Amino acid sequence: MATFKEFRNNVKPNWCPGCGDFSIQAAIQRAAANVGLEPDGLAVISGIGCSGRISGYINAYGLHGIHGRALPIAQGVKLANRDLTVIASGGDGDGFAIGMGHTVHAIRRNVNITYIVMDNQIYGLTKGQTSPRSGEGFKTKSTPEGSIESTLAPLEIALSAGATFVAQSFSSDIKQLTSLIEQGIQHEGFSLINVFSPCVTFNKVNTYDWFKDNIINLDTIPDYDPSNRLAAMTKLMETGSMITGLIYQNKERKSYENLIHGFRQEPLSAQQLALTEHEFDNL
Ligand code: SF4
Ligand code: MG
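Going by an unreviewed UniProt entry, the chain carries the name 2-oxoglutarate ferredoxin oxidoreductase subunit beta and comes from Paenibacillus segetis.

As structure tokens, this is what we get:
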């Protein structure tokens, strides 16, 4: 069985020292080992942004895709090879701005993949512009007088769109994050894990200390029930989405693959793969 070290490669990440993305990479590697995966059983598909580099830093199949398009690629990979565990990853700009249409429809489609968003509440790669996750009043080069748009609440949107697994974590809480990624991988359907990942270079508001002061860990709320969708929505709205932990899970709904009539449960044999489409249809 592979250890987390076997999910490392020799590519040195070029994230800034202190960037939250380092811990997310480590949590993915640990979670993959903890659930018993081998490097050739995992595919990491990423979008564009600092976070998008992650697919090159993990010893697994990987594809560094195009901006906002990690999810269509990841869903295609999973449907083409259901034996792979597929993780899609990218930043808040990638997934919640240009990619938001794909995100909502991937959520409601419920293909069995895990989507990890590295949410630093800014555009880091392009040197610090306001993102949909930036707070109101947030000042950057793109909003020098402070953002006058409301902050996107992607987890509320996910619940409304029919999400079957919604979680949130903080890059500094690697134990919780690793556990949530394991649960996301094991969930039979689309799992969304939003991770607060401080951008130490450009975001001087949402810092490590700011998150520590503002996060409410659901583990400290004894009667919280993650199977209750209404309670999940209420808690998100009450806290301005500053909760971490498993927020919602629906274990009843089947994944997209399992609802396709006639979708083969077993991979195609080498002999079947060698057939032409016509021969195959006439088997
Ligand atoms: Fe991380 Fe920000 Fe540096 Fe990008 S610019 S690597 S998000 S700290
Ligand atoms: Mg970002």
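*Asks:* Even after reading the chapter, I still don't get the sheet that holds strand E1 (residues 42-46), so can you show me in this structure?
*Replies:* Each strand in a sheet pairs with another by means of backbone hydrogen bonds, the pair being arranged parallel or else antiparallel. As summarised here, the arrangement of the eight strands in space is E2-E1-E3-E4-E6-E5-E8-E7, forming an open sheet in which the pairing is mixed. Looking along the sheet, the strands with just one partner apiece sit at the ends: strand E2 (61-64) and strand E7 (216-217). Sheet analysis places E7 next to strand E8 (residues 243-249), joined by two bridges and oriented parallel. If you follow Asn-217 over to E8, its bridge partner there is Thr-244. The sheet contacts of helix H1 (residues 21-34) involve E1, strand E3 (85-91), strand E4 (114-119) and strand E6 (191-196), and relative to E4 the element is tilted by about 160°. Docked against the sheet, helix H8 (residues 229-239) engages strand E5 (165-170), E7 and E8, running at close to 155° with respect to E8.

*Asks:* What's the story with the environment of Gln-183 in this structure? I'm lost.
*Replies:* Along the polypeptide, Gln-183 turns up in helix H6 (residues 174-186). Overall, the presence of 19 C-beta atoms within 10 Å leaves Gln-183 in the partly exposed class. The sequence separation of Gln-183 and Tyr-115 amounts to 68 residues, and the corresponding C-alpha distance is 12 Å.

*Asks:* Quick question: what am I supposed to make of the packing of H1 against H6 here?
*Replies:* In helix packing, the relevant descriptors are the interaxial angle and the interaxial distance, both defined with respect to the helix axes. Contact pair H1 / H6: the axes reach a minimum separation of 8 Å and the direction vectors enclose 50°. In terms of axis orientation, H1 runs oblique to H6. Every pair of crossing elements has a handedness; the one defined by H1 and H6 is right-handed. Contact residues: H1 offers Ser-23, Ile-24, Ala-26, Ala-27, Ile-28, Arg-30, Ala-31 and Asn-34, while H6 offers Ile-174, Leu-177, Thr-178, Ile-181, Glu-182 and Ile-185. Across the contact of H1 with H6, the residue classes break down as nine nonpolar, three polar and two charged.

*Asks:* Whenever I open this one, the UniProt feature "domain: Thiamine pyrophosphate enzyme TPP-binding" (unreviewed entry) in the chain confuses me. Can you help?
*Replies:* UniProt annotation of "domain: Thiamine pyrophosphate enzyme TPP-binding" (unreviewed entry) refers to residues 48-195 when read in the numbering used here. Segment residues 48-195 splits into 32% helix and 19% strand. End C-alpha atoms: 17 Å apart.

*Asks:* Just to check I follow, could you spell out the nonpolar core for this structure?
*Replies:* Judged by nonpolar contacts, the single largest core of 54 residues is most densely connected at Ile-116 and Val-166. The biggest single contributor to this core is H1, with six residues. Non-local contacts of Val-166, meaning those with residues more than four positions away in its chain, are made with Leu-155, Ala-158, Leu-159, Leu-192, Ala-232, Ile-247 and Tyr-248. In this structure, Trp-15, Cys-50, Tyr-123 and Cys-199 belong to the second largest nonpolar core, which totals six residues.

*Asks:* How should I be thinking about the site of ligand 1 in this particular structure?
*Replies:* In the vicinity of ligand 1, the contacting residues are Trp-15, Cys-16, Cys-19, Asp-21, Cys-50, Asn-120, Gly-124, Leu-125, Cys-199, Val-200, Thr-201 and Phe-202. Grouping the constituent residues of the shell around ligand 1 by class yields eight nonpolar, three polar and one charged.

Criteria and thresholds
Throughout, a residue's number is its position along its own chain's written sequence, starting from 1. A letter from A marks each chain and a number from 1 marks each ligand, given out in the order of writing. In keeping with the predicted nature of the model, local features appear solely for residues at pLDDT of at least 70, side-chain atom pairs appear and are counted solely at 80 or more, and the whole-chain, interface and lining totals rest on all residues. What makes two strands pair is DSSP finding at least two bridges between them. Secondary structure elements are defined from DSSP: runs of H or I of at least 4 residues count as helices, runs of E of at least 2 residues count as strands, and each element is numbered from the N terminus. Throughout, a residue-residue contact means that the two C-beta atoms, derived from backbone geometry, are no farther apart than 7 Å. Throughout, an axis means a line fitted to C-alpha atoms (over the contacting stretch in the case of helices), and angles, computed between N-to-C directions, take values from 0 to 180 degrees. Working definition of burial: number of other C-beta atoms within 10 Å of the residue's own, with buried at 20 or more, exposed at 12 or fewer, and partly exposed in between, all C-beta atoms being placed from the backbone. Convention used here: angles under 35 degrees read as roughly parallel, angles over 145 as roughly antiparallel, angles from 65 to 115 as roughly perpendicular, and any remaining angle as oblique. Handedness of a crossing follows from how the near helix is turned relative to the far one, being left-handed for an anticlockwise turn of less than a right angle and right-handed for a clockwise one. Note on residue categories: nonpolar means Ala, Val, Leu, Ile, Met, Phe, Trp, Tyr, Cys or Pro, charged means Asp, Glu, Lys or Arg, and polar means any other residue, Gly included. UniProt positions are given in the numbering used here, feature names are shortened, and annotations may be inferred rather than shown by experiment. By our criterion, buried Ala, Val, Leu, Ile, Met, Phe, Trp, Tyr and Cys residues that link up through C-beta atoms within 7 Å make up a nonpolar core. Proximity of a residue to a molecule or strand is defined by its backbone-placed C-beta atom lying within 6 Å of that partner.

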